[in-house]
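# A look at the structure
Listed below are the residues making up each chain.
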Amino acid sequence: MTWPDFTLKNLSRVLAFPHGTEESAVGFGGGNAGANPPQPPALGDARITEWARAAGRCIDQSAFAEKLAGRQVEDELSAIFRETPEFGRSLAMRLADFHELESDGPLSLIGGGGEAVVFGDPENQRVIKLLSSAGKAGFGWKIDRDADRRWMLRPGRLAESLFRFWLAERHFPTGLELEFIGGNGDFLVLSQPFFLGENPDNGALSEWMAAEGWERFSPPSQLVMLQTQTWRKDSAIATDVRPENAILASSDGRTYPFDFILHDGDFS
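Attention here is on the structure that accompanies the text.

### Quick word on the packing of aromatic side chains
Counted by the stated rule, this structure contains twelve aromatic pairs. Both rings, one in Phe64 and one in Phe98, keep their centres 5.7 Å apart while their planes meet at 85 degrees; by these two values the pair is edge-to-face. Pair noted here: Phe64 is in helix H3 (residues 61-65) and Phe98 is in the loop between helix H5 (85-95) and strand E2 (108-112), with a separation of 34 residues, a long-range link. Accessibility classification places Phe64 together with Phe98 in one group, the buried group. Put simply, the rings of Phe64, Phe98, Phe119 and Phe187 pair up and form one aromatic cluster. Its end group placed over the ring of Phe217, Arg232 keeps NZ or CZ at 4.2 Å from the ring centre.

### Describing the sheet that holds strand E9 (residues 197-198)
Pairing in this open sheet of three strands is antiparallel, and the strands run E9-E13-E14 from one edge to the other. Single-partner strands in this sheet number two, and they are E9 and strand E14 (255-257). Two strands pair when backbone bridges link them, and E9 and strand E13 (residues 246-249) are joined in this way by two bridges, in the antiparallel orientation. Bridge pairing in E13 places Glu198 opposite Leu248.

### A word on the nonpolar core
Counting residues in each nonpolar core, the largest one holds 39 residues, and the members touching the most others are Leu162, Leu178, Leu188 and Met209. Looking at this core, the elements with two or more residues in it are helix H1 (11-14), helix H2 (44-54), strand E4 (126-132), helix H6 (158-171), strand E7 (177-182), strand E8 (187-193), helix H7 (202-211) and strand E12 (236-239). Among the elements that take part in this core, H6 stands out by supplying eight residues, more than any other. Setting aside its immediate chain neighbours within four residues, Leu162 contacts Leu8, Leu11, Ile48, Leu178, Leu188 and Leu190. Core analysis: the second largest hydrophobic core is formed by 18 residues, Ile59, Phe64, Leu91 and Ile128 among them.

### Examining the environment of Asp104
Inspection of the secondary structure puts Asp104 in the loop between H5 and E2. Separated by 32 residues in the primary sequence, Asp104 and Gln72 place their C-alpha atoms 8.5 Å from one another. Excluding residues that lie within four positions of it along the chain, Asp104 makes contacts with Leu68, Ala69 and Gly70.

### Concerning the side chain of Thr230
Position of Thr230 relative to the elements: it lies in the loop between helix H8 (224-228) and strand E11 (231-233). Taking the relative accessible area as the measure of exposure, Thr230 reaches 1% and is therefore buried. Ignoring anything within four residues of it in the chain, the contact list for Thr230 reads Arg216, Phe217, Pro219, Met225, Ile237, Ala238 and Thr239.

### Let's talk about H7
Taken as a whole, H7 has its buried residues at Leu205, Trp208 and Met209. Along the axis of H7, the buried positions cluster into a sector of 100 degrees, meaning they face one direction only. Facing away from the buried side of H7 by more than 90 degrees, the exposed set consists of Glu207 and Ala211. Packed against the buried residues of H7 are E11, E13 and E14.

The rules behind these values
Residues numbered from 1 in each chain as written. Predicted model: local features only at pLDDT ≥ 70, side-chain atom pairs only at ≥ 80, totals over all residues. Heavy atoms only, no water. Phe/Tyr/Trp six-rings, centres within 6.5 Å; stacked < 30°, edge-to-face > 60°. Helix = DSSP H or I, 4+ residues; strand = E, 2+ residues; numbered from the N terminus. Buried < 20%, exposed > 50% of the residue type's maximum accessible area, 1.4 Å probe, protein only. Lys NZ or Arg CZ within 6 Å of the ring centre and 35° of its normal. Pairing = 2+ DSSP bridges. Core = buried A, V, L, I, M, F, W, Y, C linked by side-chain atoms within 4.5 Å. Contact = heavy atoms within 4.5 Å. Arc of directions from axis to C-beta.

Here it is, written out as structure tokens:
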């Protein structure tokens, strides 16, 4: 078969989502309320890895490790460990399979949260995000329901997490892109433009969300984040909507959300 270009925009074609969903979100904050793509099939992980391999975007851990500024990564990890021991220890463990002391690549460690280890690529003015099946969020948190029908988050598989990022780009375009898939489907590398700016405050972010057509939503959940940081727009759900996950860019004065957790589908 002929594969489409290896870009996040083409994910719907690779996983056979309904037509008409790719070009409908033209402009910032757009979206087609009538096109509700299903969750990706369980076999989507293998299909995505095959797509990456056909595009020459499958790499192994040692190849990615060559992109890391090894000694700088080690030094920065040590600093993070001293400042926040639990966070530093977790980050060090997640990087252990990739870290090579002698590597002298272009990527320097910025930090990382619950989902990704984040690097800077100053030459290309981009931020690189490494997500691994070894992380506590898997390839990124997935909104789901527990046995009592309460909303929850669980670690996402490769295809369903990429679907979430695809949704985020439909509703909140930032230039997020696919870079690499681990050769065994064990890690994912994404990139975004680097924006200078500052986090909006809670009031400004809430006003912006409302202006984009979103409204507050508090689903039944044991997680305070889901109860208090969730918004909905038609069938789409966005959670973890907080100032730390958005940038008010100094270049154009626009708000760019980076790490909202998106879901689309019937959760009534």
